[in-house]
Amino acid sequence: MIEIPSDLNPDLVPLAFLLGTWEGAGVSDFPGAEKCNFGQSVTFSHDGRDFLEYASHSWVLDNEGNKVRPLESESGYWRIDKDRKVEVVMVRDQGIVEIWYGELADQKPQIDLATDAVARTAASGPYSGGKRLYGYVKSDLMWVGEKATPEVPLRPYMSAHLKKVVTPEEVADMARNLGDLPDDGIAFFR
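Residues numbered from 1 in each chain as written. Predicted model: local features only at pLDDT ≥ 70, side-chain atom pairs only at ≥ 80, totals over all residues. Heavy atoms only, no water.

Observations regarding the overall build of the protein
Across its full length, the protein carries 1 helix and 10 strands. If you list the helices and strands of the protein from N to C, you get β-β-β-β-β-β-β-β-β-β-α. For the protein, the proportion of its 190 residues judged to be buried stands at 34%. Across the protein, the fraction of contacts at a sequence separation of at least 24, relative to all contacts at a separation of at least 6, is 38%. As presented, the protein carries roughly 11,300 Å² of accessible surface, and 54% of it is formed by carbon and sulfur atoms. (Helix = DSSP H or I, 4+ residues; strand = E, 2+ residues; numbered from the N terminus. Buried < 20%, exposed > 50% of the residue type's maximum accessible area, 1.4 Å probe, protein only. Contact = heavy atoms within 4.5 Å. Areas by Shrake-Rupley, 256 points an atom, 1.4 Å probe, with all protein chains shown as cover.)

This is how it looks when you write it as structure tokens:
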């Protein structure tokens with residue numbers, strides 16, 4: 001279920017499905033880089049202004065699913081206009097800054113993005129642009145990313161399936177809302 005916080009900027013209501021912390025796993029595969037399974041934690045938060053704050057951390061997983069080492073980190077800001085156009089400013093730990101544009105699909109929680117501008121530091125690897133697709137599917141957040149370099153045309157390189165993390169405070173709130181249930185646990189099913 002998608003909840004809309006009462007203090008969310010009204011302009012951001014179409015992006016409310018992104019809010020929260022999401023964790024899961026995925027696969028990374030790109031020519032010239034290590035092919036691996038990875039874990040990921042993504043947080044979309046807000047402070048009442050007209051953007052969502054975004055932070056993502058991923059790490060390489062071994063065959064047993066244990067963390068081996070950091071893979072990628074990125075952070076940024078997401079906005080949406082009245083025509084459902086989405087813009088994202090993102091900074092990656094590899095020394096890359098990107099501006100993404102796209103749109104929220106009609107009648108479904110799905111966002112298609114493509115890079116409009118890329119700036120790289122001297123220390124960053126080759127990168128010329130990308131595309132991403134984010135979707136809210138059966139209460140999970142899924143995404144796939146494509147990337148291009150001067151040597152490799154645009155192709156998929158990462159994808160992940162993430163589940164929403166429920167905090168202890170959210171569990172306590174749910175429990176408080178169950179206060180009028182019968183004590184014996186059986187009467188509820190009668």
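Here we look at the packing of aromatic side chains
According to the stated counting rule, one finds 9 aromatic pairs in the structure shown. A ring pair is formed by Phe-44 and Trp-78, whose centres lie 5.1 Å apart and whose planes are at 80°; its orientation type is edge-to-face. Within this pair, whereas Phe-44 is found in strand E2 (residues 36-45), its partner Trp-78 is found in strand E4 (residues 67-80), the two being separated by 34 residues in sequence. A relative accessible area of 2% means that Phe-44 is categorised as buried. Accessibility expressed as a relative area gives 0% for Trp-78, which makes it buried. Geometrically, the ring pair formed by Tyr-54 and Trp-78 is tilted, given 5.8 Å between the ring centres and 55° between the ring planes. With Tyr-54 in strand E3 (residues 52-61) and Trp-78 in strand E4, the pair connects residues that are 24 residues apart, well separated along the chain. (Phe/Tyr/Trp six-rings, centres within 6.5 Å; stacked < 30°, edge-to-face > 60°.)

A closer look at the pattern of salt bridges
Considering all chains together, one arrives at 10 salt bridges under this definition. Taking the shortest distance from any N to any O, the salt bridge between Asp-11 and Lys-82 comes out at 3.5 Å. In this pair, Asp-11 is assigned in the segment before strand E1 (20-28) and Lys-82 in the loop between E4 and strand E5 (85-92), connecting sequence segments 71 residues apart. On the accessibility criterion, Lys-82 (75% relative accessible area) is exposed. For Glu-72, the salt bridge goes to Arg-92, with nearest N and O atoms at 4.0 Å. (Salt bridge = Lys/Arg side-chain N within 4 Å of Asp/Glu carboxyl O.)

So, the pairing of strand E10 (residues 155-164)
Alignment of E1 against E10, held across 7 bridges, turns out to be antiparallel. The residue of E10 that forms the bridge with Glu-23 is Lys-163. Bridging between strand E9 (residues 140-148) and E10 involves 8 bridges; their strand directions are antiparallel. Directly across from Leu-141, in E10, lies its bridge partner Leu-162. Here E9 folds back onto E10 in antiparallel fashion, the turn holding 6 residues. (Pairing = 2+ DSSP bridges.)

A word on the side chain of Thr-149
With respect to the element layout, Thr-149 can be found in the loop between E9 and E10. Classification of Thr-149 as buried rests on a relative accessible area of 9%. If we ignore the near neighbours within four places in the chain, the residues touching Thr-149 are Phe-30, Pro-126, Tyr-127 and Ser-128.

Focus on the nonpolar core
In this structure, Leu-18, Phe-44, Leu-52, Trp-78, Val-86 and Ile-111 are the most contacted members of the largest nonpolar core, which totals 34 residues. Counting residues per element, this core draws most heavily on E10, which supplies 4 residues. (Core = buried A, V, L, I, M, F, W, Y, C linked by side-chain atoms within 4.5 Å.)

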